[in-house]
Number of protein chains: 2
Amino acid sequence: MQKENVLSTRRVYDGRIIHLRLDDVRTPGGIETLREIVEHPGAVAIVAVDGQNRVLLIRQYRHAAGRVMVEIPAGTLKPGEDPAVCAARELVEETGYTAAKLERIGGIHTSPSFCTEYIHLFLATDLTRGAALPEADEHIEVEPTPWAEVLRRMRAGEIEDAKSISALLLLFTSAGSVTT
Amino acid sequence: MQKENVLSTRRVYDGRIIHLRLDDVRTPGGIETLREIVEHPGAVAIVAVDGQNRVLLIRQYRHAAGRVMVEIPAGTLKPGEDPAVCAARELVEETGYTAAKLERIGGIHTSPSFCTEYIHLFLATDLTRGAALPEADEHIEVEPTPWAEVLRRMRAGEIEDAKSISALLLLFTSAGSVTT
């Protein structure tokens, strides 16, 4: 399957986290069209499971969504940062927990039609509880939640975050990795 | 949990599908900070299951991701369009199949930290095959895929699309709805 050829690029916005560029492309079928591309540095998201087999969910107000959302801990990659290092850092910042064991369980493109964002997904176990260190503009409540309740919340539409659903269910459906 | 108050808004870009605005906000903790918000009209994604219990996966080049991706059929809402109408339209456009039965199975925010996009997720069944009607700039290959192979591809990292993983696994883990 052929790729699209970029005919010209215009940079529209270079921001704090995201950037916007407009690519005029020619498709393999010979059609010229515009692709609006949001550039994002990438991110990590973490399914952290404590010694009582509870998942650390977090609750925070999300301005873009216009409402409070329940998600798993996550954060944006710093330039050149190793995703596993970022996952360890974000977990302690957002929840106060440190993980002795961190393993990659997959990855997702969040919106491949217009955004470059790719999120690396991790499982964190062997947790030790400490104090959270949120960014100044973050207000996060941590909710250790039993797996059965996590599944109930997803099915009830109380968790509607793509990275959280993807990571939790990829892990849940992996053979033998989760018991409720 | 309190929301953030918008102090001022600047519109940066109004485009074909996405728009970009910059909001200066005050957090509940009294911090003033910038939120870069990508506005998106919302979308639908469809798990379409044929009479042989195969899922219609599609394969296409995604310029933002820079590679060919395997996903479920999906598309952007037109202004004021009912999501179920959009789902029926996008399914036939991208795959050629029409569905006699369409039911909502959930919804996801793809990137709630910076993007307003919300995707309505549907299950389509009682399918009838016809000719696909792709947009001029779309090049899509349709792959009816048995459930066991869909799960294998997700676990192997061959499907890395957030809406596809979320919709497929929300459906798969719903009691009694899927047999492989």
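Residues numbered from 1 in each chain as written. Chains lettered and ligands numbered in written order. Predicted model: local features only at pLDDT ≥ 70, side-chain atom pairs only at ≥ 80, totals over all residues.

A. Spotlight on the domain arrangement of chain A. Residues and elements named next belong to chain A. Partitioning chain A into structural domains gives domain 1 (5-39) and domain 2 (43-172). Once you take the C-alpha centre of each, domain 1 and domain 2 turn out to be 30 Å apart. Contacts between the two partners involve five residues from domain 1 and, on the opposite side, four residues from domain 2. Residue classes in the side of domain 1 that touches domain 2 are distributed as three nonpolar, no polar and two charged. (Domains from an automatic or database assignment. Contact = placed C-beta atoms within 7 Å. Nonpolar A, V, L, I, M, F, W, Y, C, P; charged D, E, K, R; others polar.)

B. Layout of the nonpolar core. One finds Ile46(A), Ala48(A), Ile46(B) and Ala48(B) to be the most contacted residues of the largest nonpolar core, which totals 76 residues. Sequence-distant contacts of Ala48(A), defined by excluding residues within four places in its chain, comprise Val55(A), Leu56(A), Pro73(A), Leu91(A), Thr95(A), Tyr97(A), Ala99(A), Ala124(A) and Leu127(A). Within the second largest apolar cluster, 14 residues are counted, among which are Ala64(A), Leu20(B), Phe114(B) and Cys115(B). (Core = buried A, V, L, I, M, F, W, Y, C linked by C-beta atoms within 7 Å. Buried ≥ 20, exposed ≤ 12 C-beta atoms within 10 Å, placed from the backbone.)

C. Molecular detail of the packing of helix 3 (residues 162-172) of chain A against helix 3 (residues 162-172) of chain B. Axis separation between helix 3 of chain A and helix 3 of chain B bottoms out at 9 Å; the angle between their running directions is 55°. One element, helix 3 of chain A, and the other, helix 3 of chain B, form an angle in the oblique class. Here the hand of the crossing between helix 3 of chain A and helix 3 of chain B comes out left-handed. In contact with Ala162(A), Lys163(A), Ile165(A), Ser166(A), Leu169(A) and Leu170(A) of helix 3 of chain A, helix 3 of chain B contributes Ala162(B), Lys163(B), Ile165(B), Ser166(B), Leu169(B) and Leu170(B). Each residue belonging to the contact of helix 3 of chain A with helix 3 of chain B can be placed in one class, and the counts come to eight nonpolar, two polar and two charged. (Axes fitted to C-alpha atoms, helices over the stretch in contact; angles between N-to-C directions. Helix = DSSP H or I, 4+ residues; strand = E, 2+ residues; numbered from the N terminus. Parallel < 35°, antiparallel > 145°, perpendicular 65-115°, else oblique. Left-handed = near helix turned anticlockwise from the far one by under 90°.)

D. Region of interest: the relation of the copies chain B and chain A. Rotating chain B by 180° about the axis while translating it 0.0 Å along that axis superimposes it on chain A, leaving an RMSD of 0.0 Å. Taken together, the rotation and translation describe the operation of a two-fold axis. By residue overlap, the copies meet face to face through one surface: 100% of the interface positions of chain B are interface positions in chain A. (Least-squares fit on C-alpha atoms with pLDDT ≥ 70 in both.)

E. Broad picture of the interface of chain B and chain A. Counting residues at the interface gives 61 residues for chain B, matched by 61 residues for chain A. Per element, the largest residue contribution to the side of chain B that touches chain A is seven residues, and it comes from helix 3 of chain B. When grouped by side-chain class, the residues that make up the side of chain B that touches chain A number 29 nonpolar, 18 polar and 14 charged.

F. Examining the sheet that holds strand 7 (residues 74-76) of chain B more closely. Residue and element names in this part refer to chain B. Strand order across the open sheet formed by four strands is 7-4-9-8, with mixed pairing between neighbours. The two strands at the open ends of the sheet, each matched to only one other strand, are strand 7 and strand 8 (97-109). The mean angle between the axes of side-by-side strands here comes to 25°, regardless of whether they run parallel or antiparallel. The pairing of strand 4 (residues 43-48) with strand 9 (residues 118-129) spans six bridges and is parallel. Directly across from Ile46, in strand 9, lies its bridge partner Phe122. (Pairing = 2+ DSSP bridges.)

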